[in-house]
Amino acid sequence: MAKSRTIVVSGAGIAGLSAALCLAKCGFRVLVFDKAKSFDTVGAGIQLSPNAIRALDEMGVGKQIRNSSFAPNGIDIHSASSGKIINTVPLGADVQRRYGLPYLTIHRSDLHSVLLSACNLTADIHIKTNCSVDEISTHLRGASVIINDGTSIDTISAKAVIIADGVKSKLRETILSDAPVEHSGYEAWRAMLPRELVPDYIDNDFCHLSLGSNKHIVFYPVNTGRYVNMVFVTRSKLSLNDADRNKVRKNADPKQLLKGLSRTSKEIKALTELPIDWSVYPLLKAPALKKWGKGNVIAIGDAAHGMVPFAAQGAAMAIEDAIVLADQLNTNKNTKSAIKAYEKIRRPRIKKITKLSNTNGELYHMGFPFNIVRDFIISNTKPEKLLSRQHWIYKWEPPKLG
Ligand SMILES: Cc1cc2nc3c(=O)[nH]c(=O)nc-3n(C[C@H](O)[C@H](O)[C@H](O)COP(=O)(O)OP(=O)(O)OC[C@H]3O[C@@H](n4cnc5c(N)ncnc54)[C@H](O)[C@@H]3O)c2cc1C
């Protein structure tokens, strides 16, 4: 009997669609299920560093990604209280010269659309929305999933099942760890600012990172420069028991945000008065997992290692996971060994990136007077050194697929 080449993926987010593309390139048939009815404009801005672009190029979507994104010249680091630029991380031509690849900013929905279109054009990828993967069981020859489309229930067997259903993954809880998703203690206020409303003092060719006391603010162009993605991150004031703690609050009142903006320049405060919609996102983390997989089942992306976004690498790690896993499943004859090898390759890097994200979180949210020392050190660091510190992340090479 011919061995199954079918792989089931739960979740059609960045991780799930990347996995589908990589697996199809290796000759697998891929069934992807997502519980969402449709893919609306979910999420906001994503920064894509050369490590992610290199993987997207290998997946065959690099050109489309470049056409849907923006290449900023650098990241201006500001003092949130004075508004002054204290240093600039060189990107643009510097990154291109060093890595032969750009540093890009993109709306998550544009990144998602590029991946989705490429999947839809691939004969061996079948995506079904409005279908939740409710259960997974492992068995000797592979794994099975129970799919629920709201009216009927179906069981499908596969060579392997990939859990790519995000940081709030219920499958992770049932198969890998019963620990629930964790609140990081931070919340993000997010809004999209149309280009015509961007104040003159924000240079639209750069990303901006404003560091304050107990808060930081990020701006950068998305939608090929038509909008600026704004994110204000503060420590969350909700009590740990609050039932709504892990929910997104849409149409939030920016007056609440303003209350947390003491010692912040009047220009930044004025942004909260613009006629735009604000949403508040709790920043969540996946619980630390002893294992990302069981038998022929493996978790990737935020489902396995959702982290705080302060290294701007969550989506990049999901893309890297996908390509490494596909390569292991393709080159390793035994699925269980492939899954084990995948985890062995990915764990050290994910551990280091998670640590960096947490450290950046501490650094970006230092209170007075430590924030003054932080700003002094940053302003006295050579700009090239700020870029060189990311070298171990950006130099990463994906495996060749196929
Ligand atoms: C404020 C903020 C800024 C960020 N900035 C960056 C950045 O600059 N650079 C970067 O690389 N990353 C960034 N990230 C991180 C990045 O957005 C995530 O790491 C990435 O989107 C995770 O992708 P994923 O596919 O693992 O999960 P998701 O995108 O959450 O996708 C999961 C999918 O699974 C589906 N699903 C859930 N349950 C089921 C089920 N039972 N059955 C079927 N389907 C299911 C969902 O509908 C969803 O479509 C940021 C995150 C935040 C919050």
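The numbers attached to residues start from 1 for each chain and follow its sequence in the written order. Confidence filtering applies because this is a predicted model: local features only for residues at pLDDT of at least 70, side-chain atom pairs given and counted only at 80 or more, and all residues used for totals across whole chains, interfaces and linings. Based on all heavy atoms of the structure, the side-chain values leave hydrogens and waters out of the count.

A. Representation of the overall build of the chain. What counts as a helix is a DSSP run of H or I of at least four residues, what counts as a strand is a run of E of at least two, and both are numbered from the N terminus. Counting its secondary structure elements, the chain contains 14 helices and 18 strands. Our radius of gyration looks at C-alpha atoms and nothing else; its globule reference is 2.2 Å times the residue count to the power 0.38. Relative to the 2.2 N^0.38 estimate, which gives 21 Å for 402 residues, the radius of gyration of the chain is 21 Å and therefore close to what a compact globule would have. Summarising its shape, the C-alpha atoms of the chain cover approximately 70 × 50 × 35 Å along the three principal directions. Counting every position in the chain, which comprises 402 residues, the buried fraction comes to 55%. Should any heavy atoms of two residues lie within 4.5 Å, those residues are considered in contact. Counted over contacts in the chain with a minimum sequence separation of 6, partners at least 24 positions apart contribute 74%. A positive count includes Lys and Arg, and a negative count includes Asp and Glu. His and the chain ends are not counted in either. For the purpose of locating charges, the reference atoms are NZ of Lys, CZ of Arg, CG of Asp and CD of Glu. Separation of charge centres in the chain, based on 54 positive and 36 negative side chains, amounts to 6 Å. For every residue, the accessible area (1.4 Å probe, protein chains only) is compared with the maximum for its type, and the residue is labelled buried under 20%, exposed over 50%, or partly exposed between those bounds.

B. Structural context of the sheet that holds strand 14 (residues 215-222). Any two strands are treated as partners once DSSP identifies two or more bridges connecting them. The strand order across the open sheet formed by seven strands is 5-4-13-14-15-12-16, and the pairing between neighbours is mixed. The sheet terminates laterally at strand 5 (85-90) and strand 16 (279-285), the two strands that pair on one side only. Between one strand axis and the next, the sheet turns through 20° on average, direction left out of account. Summarising the sheet, strand 12 (residues 182-194) and strand 16 pair through six bridges and their orientation is antiparallel. Along strand 16, the bridge assignment pairs Ala188 with Tyr281. The sheet contacts of helix 12 (residues 370-379) involve strand 4 (74-79), strand 5 and strand 13 (207-211), and relative to strand 5 the element is tilted by about 50°. Geometry is summarised by axes, namely lines fitted to C-alpha atoms with helices restricted to the contacting stretch, and by angles between N-to-C directions that run from 0 to 180 degrees.

C. The sheet that holds strand 11 (residues 160-163), seen in detail. In spatial order, the strands read 7-2-1-11-18-17; together these six strands make up an open sheet with mixed pairing. Both edges of this open sheet fall to strand 7 (125-128) and strand 17 (293-294), since each of them pairs with a single strand only. Contacts from helix 11 (residues 335-364) reach strand 11, strand 17 and strand 18 (297-299), with the element oriented near 20° to strand 18.

D. Here's a closer look at the pairing of strand 10 (residues 153-158). Looking at chain direction, strand 9 (residues 142-148) and strand 10 are connected through six bridges and run antiparallel. Its bridge partner being in strand 10, Ala143 is matched across the sheet by Ala158. Linking strand 9 back to strand 10 in an antiparallel pair, the connection comprises four residues, with Gly150 at a positive phi of about 95°.

E. Structural detail: the site of the ligand. Only heavy atoms are used to decide nearness, and a residue is near a molecule or strand if one of them lies within 4 Å of it. Neighbouring residues of the ligand: 29 residues in total, closest Ala15, Asp34, Gln47, Arg108 and Asp302. Definition of a polar contact: a pair of N or O atoms within 3.5 Å, with one able to donate and the other able to accept a hydrogen when the atoms are protein atoms, and with sequence-neighbouring residues admitted only if both atoms are side-chain atoms. Interatomic distance of 3.1 Å between a backbone N/O atom of Ile14 and an oxygen atom of the ligand. Between the ligand and the protein, one listed contact pairs an oxygen atom with a side-chain N or O atom of Asp34 at 2.6 Å. The Shrake-Rupley method, run with a 1.4 Å probe, gives the accessible areas here. Residue values count only the displayed protein chains as cover. When the free accessible area of the ligand is taken as 1000 Å², the share hidden by the protein chains comes to 83%. All residues other than Ala, Val, Leu, Ile, Met, Phe, Trp, Tyr, Cys, Pro, Asp, Glu, Lys and Arg, Gly among them, are scored as polar; the first ten of these are nonpolar and the last four charged. When the residues that make up the shell around the ligand are grouped by side-chain class, the tally is 13 nonpolar, 10 polar and six charged.

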